[in-house]
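Listed here are the chains, written in short residue letters.
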Amino acid sequence: MYNGARIAAVVPAYKEERMIGQVIETMPDYVDHIVIVDDCSPDNTSAAVRAMSDSRVELIRHDVNQGVGGAIITGHRKAMELGADVNVVMAGDAQMDPAYLPDLLEKVVDDGYGFAKANRFFSAGSFSGMPKYRIFGNILLSFMTKLASGYWHLFDPQNGYTAVRTEILQRLPLDSISKRYSFENDMLLNLNILQVPAIDVPIPAVYGDEVSSIRLSKVVPELLHMLGTGFWKRIWYRYVLWSFSPVALMLFLGMALFGVGTVISIWVCFQILSSTVATAATVMLAALPLMLGTQLLISALQLDIQASPSAPSLPHIRNHGRTMR
């Protein structure tokens, strides 16, 4: 236990025959359960797990590969069955240093957050040695995830080193969350819809002998599609269906005005190209909707940023009125 809370480590594993033993050996003593999900690995990952003598280990093997998100969801379900109060996700490649696990748990168990996530890029020096295209890609993906998820204060969305309360997982639609590499981004979207307070924790990554199975040609389109549809899903639930908000009004009206202004501007440009002199009234007819639409969109963005669930609001886990085992 950690400060009276029962902790389960969920470890998705695919082709981790070499590293999974190190993950188990270095797992801190205060972790009550280690749920390892072998996502139909073609190697001897499961055999390597069975060779360990740690009684905390629960091994699950998928008959069909479901992706990293599917493995994590399976692990979360099993950890909840075991009675965990907090689930932490740690990779099966020993890339996540367990020495920093208390930093995550403190935020969730003691400080009132429902979700805590590691952030590898907590200082300018964190990008040292990283290729420029990867720096650009991480910054762009982080901004897109901020816009889609509404967690404007979070960065490094692909970081899977996380801690979440069981009570939050019980409210999430786990069956509908993406099961592939966009799992972390989709998780943030669904957490924001529920207005779960979340926080970034500065934790450096550990790079070792991990084996990457990421194919960018598949991951990038999946991410873009999920973020696009997820943005409108979040807007619908948070600002329209559950409580019609000025954010929705400004967003929809701003988009309509901006669209009208764009169409009129294109028409005016064609008129000018055909040697027709554009009058001041014609120019204003195009400019006014563009200016009003832009201002409304900026105002909607500002309100959305202010609504980001960043303040801790949950009680200490020991105050939930149930007996810890």
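The rules behind each value
Residues numbered from 1 in each chain as written. Predicted model: local features only at pLDDT ≥ 70, side-chain atom pairs only at ≥ 80, totals over all residues. Heavy atoms only, no water. Salt bridge = Lys/Arg side-chain N within 4 Å of Asp/Glu carboxyl O. Helix = DSSP H or I, 4+ residues; strand = E, 2+ residues; numbered from the N terminus. Buried < 20%, exposed > 50% of the residue type's maximum accessible area, 1.4 Å probe, protein only. Axes fitted to C-alpha atoms, helices over the stretch in contact; angles between N-to-C directions. Parallel < 35°, antiparallel > 145°, perpendicular 65-115°, else oblique. Left-handed = near helix turned anticlockwise from the far one by under 90°. Pairing = 2+ DSSP bridges. 1 Å grid on protein atoms, 1.4 Å probe; cavity = no way out; pocket = protein on both sides within 12 Å on 5 of 7 lines; lining within 4 Å. Points joined across faces, edges and corners; volume = space filled by probe spheres on them. Expected span 1.5 Å × (residues − 1). pLDDT = per-residue confidence, 0-100. Contact = heavy atoms within 4.5 Å. Nonpolar A, V, L, I, M, F, W, Y, C, P; charged D, E, K, R; others polar.

### A word on the pattern of salt bridges
Now for step 1: Within this structure, the stated rule accounts for 9 salt bridges.
Now for step 2: When the shortest N-O distance is used, the salt bridge between R61 and D38 registers 2.9 Å. You can see R61 sitting in strand β3 (residues 57-61) and its partner D38 sitting in strand β2 (residues 33-38), a full 23 residues away along the chain.
Now for step 3: Its salt-bridge partner being R56, residue D54 comes within 2.8 Å of it at the nearest N-O pair.
Now for step 4: Look at R56 and you get buried, because its relative accessible area is 15%.

### Things to note about the packing of helix α9 (residues 246-273) against helix α10 (residues 280-306)
Now for step 1: At their nearest, the axes of α9 and α10 sit 7 Å apart, and the two run at 155° to each other. Comparing the axis directions of α9 and α10 gives the class roughly antiparallel. Crossing of α9 over α10 shows left-handed handedness.

### Some thoughts on the pairing of strand β6 (residues 162-165)
Now for step 1: Going residue by residue along β6, you find T162 and V164 tucked away on one face and A163 and R165 tucked away on the opposite face as well.
Now for step 2: Examined bridge by bridge, strand β5 (residues 115-119) and β6 share 3 bridges and lie antiparallel to one another. The residue bridging F115 from the neighbouring strand is V164, located in β6.

### Comments concerning unusual backbone geometry
Now for step 1: We note that C40 has phi near 55°; this positive angle belongs to a residue other than glycine.
Now for step 2: Exposure remark for C40: the relative accessible area of 23% places this residue in the partly exposed category.
Now for step 3: The residue Q195 is not glycine, and still its phi comes out positive at about 55°.
Now for step 4: Relative to the elements of secondary structure, Q195 occurs in the loop between α7 (183-193) and β7 (198-202).

### Considerations on empty space enclosed by the protein
Now for step 1: Counted by the stated rule, this structure contains 2 cavities of 30 Å³ or more.
Now for step 2: Here the largest cavity defines a volume of roughly 90 Å³.
Now for step 3: Lining the largest cavity are 13 residues, and of these F115, T162, F183, E184 and M187 sit closest to its centre.
Now for step 4: Elements supplying a minimum of two residues to the lining of the largest cavity: α3 (67-81), β5 and α7.

### Examining the sheet that holds β7
Now for step 1: Ordered in space as β3-β2-β1-β4-β6-β5-β7, the 7 strands form an open sheet in which the pairing is mixed. Since the sheet does not close on itself, it has two edges, and those belong to β3 and β7, each with one partner. Here the average twist between neighbouring strands, direction ignored, is 20°.
Now for step 2: Here strand β4 (residues 86-89) runs beside β6; their pairing, made up of 4 bridges, is antiparallel.

### Side note on α10
Now for step 1: The terminal C-alpha atoms of α10 lie 38 Å apart, and with 27 residues this matches the ideal 39 Å at 1.5 Å per residue to within 8%.
Now for step 2: Residues A286, P289, G293, S299, A300 and D304 constitute the buried set of α10.

### Regarding the confidence of the model for the protein
Now for step 1: Per-chain confidence: the protein averages 89 in pLDDT, with 91% of residues scoring 70 or above.
Now for step 2: Within the model, the stretch residues 319-325 combines pLDDT values under 50 with 15 contacts to residues more than four positions away or in other chains.

### Structural notes on the environment of M96
Now for step 1: Considering the arrangement of structural elements, one finds M96 in the loop between β4 and α4 (101-110).
Now for step 2: Judged by relative accessible area, M96 falls into the buried class, the value being 17%.
Now for step 3: When the C-alpha positions of M96 and P204 are compared, they lie 8.5 Å apart, and in sequence the two are 108 residues distant.
Now for step 4: Setting aside residues no more than four positions away along its own chain, M96 makes contact with V89, M90, A91, G160 and Y161.

### A few points about the pairing of β5
Now for step 1: With 5 of 5 residues buried, β5 is to be regarded as a mostly interior element.
Now for step 2: Residue alternation in β5 divides its side chains into two sets, F115, K117 and N119 and A116 and A118, and both sets are buried.
Now for step 3: When β5 meets β7, the two strands line up parallel, connected through 5 bridges. Along β7, the bridge assignment pairs A116 with I199.

### Some words on the packing of helix α5 (residues 132-149) against α7
Think of two packed helices as two axes; the pair is described by the angle between the axes and how far apart they sit.
Now for step 1: Relative orientation of the contacting elements α5 and α7 amounts to 30°, with a least axis distance of 9 Å. Taken together, the axes of α5 and α7 are roughly parallel relative to one another. At the point where α5 passes α7, the crossing takes the right-handed sense. Between α5 and α7, the residues in contact are L141, T145, A148 and S149 and N185, L188, L189 and N192, respectively.
Now for step 2: Of the residues that constitute the contact of α5 with α7, the class distribution is 4 nonpolar, 4 polar and no charged.

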